[in-house]
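An overview of the molecular structure
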Amino acid sequence: MTAGPIVSFIIPVRNDARRLEHCLRSITTGAHPAGRVEVVVADNGSTDESAAVARQAGATVIMLPDVRLGELRNRAVQAARGDVLAFVDADHEIGAHWVPAAISALADAQVAAVGAPCRPPSPATWVQRLYDGLRRHPRSQEAVSWLGSGNMAVRRTAFERVGGFDTTLETCEDVDLCRKLRAQGFTLVADARLHNVHFGDPSTLRHVFFGELWRGRDNVRVSLRPPRSWRTIVSAAIPVFNLVALVLVVIGLIAGTLAGLAIAVVSGVSVLVLMALRASVMVGGAPSRDFPQAFAVAAAYELGRALALTARVGYGRRRRGATA
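Residues numbered from 1 in each chain as written. Predicted model: local features only at pLDDT ≥ 70, side-chain atom pairs only at ≥ 80, totals over all residues. Heavy atoms only, no water.

A sheet is described by the order of its strands in space; here eight strands give the open sequence β3-β2-β1-β4-β8-β6-β9-β7, paired in mixed fashion. Because the sheet does not close on itself, it has two edges, and the strands there are β3 (60–63) and β7 (141–144). This sheet shows a mean twist of 25 degrees between the axes of neighbouring strands, independent of strand direction. Where β7 and strand β9 (residues 187–191) come together, four bridges link them in antiparallel fashion. (Pairing = 2+ DSSP bridges. Helix = DSSP H or I, 4+ residues; strand = E, 2+ residues; numbered from the N terminus. Axes fitted to C-alpha atoms, helices over the stretch in contact; angles between N-to-C directions.)

This is the structure in structure tokens:
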């Protein structure tokens, strides 16, 4: 009887010692065979106790200051020995049976990666609760087109076959990795057993806006890479449409003519309709007293994504760092 594959947890971190400690505890206290799990922490230039916390928990620490997330994770993989690469971020905590569930899902040779959308912390703010409505949580297992790298296990052979994460991307490197895996004919699976909580979920409208202002910067670039689908095309088109509409609103108002005002009104209403559709998704598509608040979250989300096409805000360094 074999002992099973070695699972290497890859955890990027930057100045997040407290949450890293909780993350590591959730890993070390989980249900998994002794000696079959290792942890590699890639420190992106922390000035707090992150590295010390990781070493105290028995993790291997590699110091990689001021590199992008893709390269950070790729370099950590090179220092790992596992057959399964478990990408978990420092601001996440995983469930006790995460490891055996990941190994079970990856037993299917067609499955290259498995994960699950994260859950907000409890108690959650109203923003976190509604923001979570944008995620599709599987009831058991289902094939998906994308998994987030904050909670994802990947077969090492598949990861190396596609060349790992694209180090030229500042964001959406996980979307691109999943795209490359699917292009090779692999299946990606969302599995409810890979339960995890994301303590970095945006807690305020301001956090939603700046989070999407950062995350959205490479969204269009990655979404237009093959293999394309209707969903990826829509994902790329919506922020472009919103940005153009917002520009037309400003131009129309400045022009001050009847035609200009008409253009401004039509463009503004179009953006509001898209925000309302996003809010409807958050509340499950049914009339709800939460709709006004959901609309506010949707507005912050859409505006952040649209302005990300022109802004270069260092949100990743300021809030997420390498823990995203």
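Once you've had a look at it, read on.
Turning our eyes to something else, we now look at the environment of Leu274. On the secondary structure map, Leu274 appears in helix α11 (residues 258–282). Distance in space between the C-alpha atoms of Leu274 and Phe295 is 10.0 Å, their sequence separation being 21 residues. The contact partners of Leu274, leaving out residues within four places of it in the chain, are Ile238, Phe241, Asn242 and Glu302. (Contact = heavy atoms within 4.5 Å.)

Moving on, we come to the nonpolar core. A general feature of soluble globular proteins is that nonpolar side chains tend to end up buried together. Core analysis: the largest hydrophobic core is formed by 33 residues, its most contacted members being Phe9, Ile11, Leu20, Val41 and Trp98. Put simply, the parts of the chain that give this core at least two residues each are β1 (7–13), α1 (17–28), β2 (37–43), α2 (50–56), β4 (84–88), α4 (98–105) and β6 (111–115). Contacts of Val41, omitting those with residues within four sequence positions, involve Ile11, Val13, Leu20, Leu24, Ala54, Ala59, Thr60, Val61 and Ile62. Formed by 29 residues, the second largest nonpolar core is a distinct cluster that contains Val40, Phe87, Val154 and Phe159. (Core = buried A, V, L, I, M, F, W, Y, C linked by side-chain atoms within 4.5 Å. Buried < 20%, exposed > 50% of the residue type's maximum accessible area, 1.4 Å probe, protein only.)

Once that is clear, we can look at the confidence of the model for the protein. This prediction gives the protein a mean pLDDT of 92; 95% of its residues lie at or above 70. Contacts from residues 314–324, a stretch scored under 50 in pLDDT, to residues over four places away or in other chains number 37 contacts. (pLDDT = per-residue confidence, 0-100.)

Working definition: two side chains of opposite charge can pair if their charged atoms are close together. Going through the model one piece at a time under the given rule, you end up with 22 salt bridges. With a shortest N-O distance of 3.0 Å, Arg225 and Asp166 are connected by a salt bridge. A residue pair is termed long-range when its members are at least 10 positions apart, and Arg225 in the loop between α9 (219–223) and α10 (230–255) and Asp166 in the loop between α6 (156–161) and α7 (173–183) qualify at 59 residues. We note that Arg225, like Asp166, is buried. Each member of the salt-bridge network shares a partner with another, and the members are Asp166, Asp176, Arg179, Lys180 and Arg225. (Salt bridge = Lys/Arg side-chain N within 4 Å of Asp/Glu carboxyl O.)

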